[in-house]
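Spelled out, the chains give:
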Amino acid sequence: QVQLVESGGGSVQPGGSLRLSCAVSMDYYGIGWFRQAPGKEREGVSCISGSGGSTKYADSVKGRFSISRDDAKKTVYLHMNSLKPEDTAVYYCAARWLYCDLDGDFDWWGQGTQVTVSS
């Protein structure tokens, strides 16, 4: 099975930045970042294809977040800038074969990492 481990979460002030990392055990998987705040449904944030050639972003994070991957390290990053209180959530890394689609099914999930944005 594909194994995923998230890291990089923490607490920051509004306007601050964080970089989340997702270490994946196997190559050629599309990786998505999702988030879920208390009392709210899970939301797709961003994803990147297995080749790294295709990326997608939720409208709520366009221009602020950036996804990338380092194939040598088998790691996908989510760079989060200009963070807002509404970005507060548990962020999950997920994987599916090759393709990136925030509306599609992801087969494997990590345990999540907490991101808190507050004054």
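Above this text is the structure in question.
Residues numbered from 1 in each chain as written. Predicted model: local features only at pLDDT ≥ 70, side-chain atom pairs only at ≥ 80, totals over all residues. Heavy atoms only, no water.

K.L.:
Can you lay out the nonpolar core for me, pointing to particular residues and giving the numbers?
P.N.:
Residues Leu4, Ile31, Trp33, Phe65, Leu78, Met80 and Tyr91 are the most contacted members of the largest nonpolar core, which totals 27 residues. Elements that contribute at least two residues to this core include exactly β3 (18-24), β4 (29-36), β5 (43-48), β7 (65-70), β8 (75-80), β9 (89-97) and β11 (113-117). Beyond its immediate sequence surroundings of up to four residues, leucine 78 is in contact with Leu18, Arg19, Leu20, Trp33, Val45, Ser46, Phe65, Ser66, Ile67 and Tyr91. (Core = buried A, V, L, I, M, F, W, Y, C linked by side-chain atoms within 4.5 Å. Buried < 20%, exposed > 50% of the residue type's maximum accessible area, 1.4 Å probe, protein only. Helix = DSSP H or I, 4+ residues; strand = E, 2+ residues; numbered from the N terminus. Contact = heavy atoms within 4.5 Å.)

K.L.:
Can you explain the pairing of β7? Please cite residues and give values.
P.N.:
Burial along β7 is one-sided: the residues Phe65, Ile67 and Arg69 are buried and none of Ser66, Ser68 and Asp70 is. Connecting the antiparallel pair β7 and β8 is a turn made up of four residues, with lysine 74 showing a positive phi of about 50°. (Pairing = 2+ DSSP bridges.)

K.L.:
For the packing of aromatic side chains, give the residues involved together with the corresponding values.
P.N.:
A complete count under the given rule lists four aromatic pairs for this structure. When the centroid spacing of 5.2 Å and the interplanar angle of 80° are considered together, the rings of tyrosine 29 and tryptophan 97 count as edge-to-face. Taken together, the residues span a long stretch of sequence, with tyrosine 29 in strand β4 and tryptophan 97 in strand β9 at a distance of 68 residues. In this structure tyrosine 29 comes out as buried when scored by relative accessible area, which is 10%. One aromatic cluster in this structure is built from Tyr29, Trp97 and Trp108. A cation over an aromatic ring shows up here: arginine 42 above the ring of phenylalanine 34, its NZ or CZ 5.9 Å from the ring centre. (Phe/Tyr/Trp six-rings, centres within 6.5 Å; stacked < 30°, edge-to-face > 60°. Lys NZ or Arg CZ within 6 Å of the ring centre and 35° of its normal.)

K.L.:
Would you mind going over the environment of tryptophan 33 in detail, with residue names and values included?
P.N.:
Relative to the elements of secondary structure, tryptophan 33 occurs in strand β4. For tryptophan 33, a relative accessible area of 0% corresponds to the buried category. Separated by 45 residues in the primary sequence, tryptophan 33 and leucine 78 place their C-alpha atoms 7.8 Å from one another.

K.L.:
So what about the environment of tyrosine 57? Which residues, and what values?
P.N.:
Positionally, tyrosine 57 belongs in strand β6 (residues 55-57). On the basis of relative accessibility, which here comes to 22%, the residue tyrosine 57 falls in the partly exposed class. Note: C-alpha distance between tyrosine 57 and isoleucine 67 (10 residues apart in sequence) is 8.6 Å. Not counting residues within four places of it along the chain, the set of residues in contact with tyrosine 57 comprises Val45, Ser46, Lys62, Phe65, Ser66, Ile67 and Leu102.

Read these as spatial facts, not as claims about activity.
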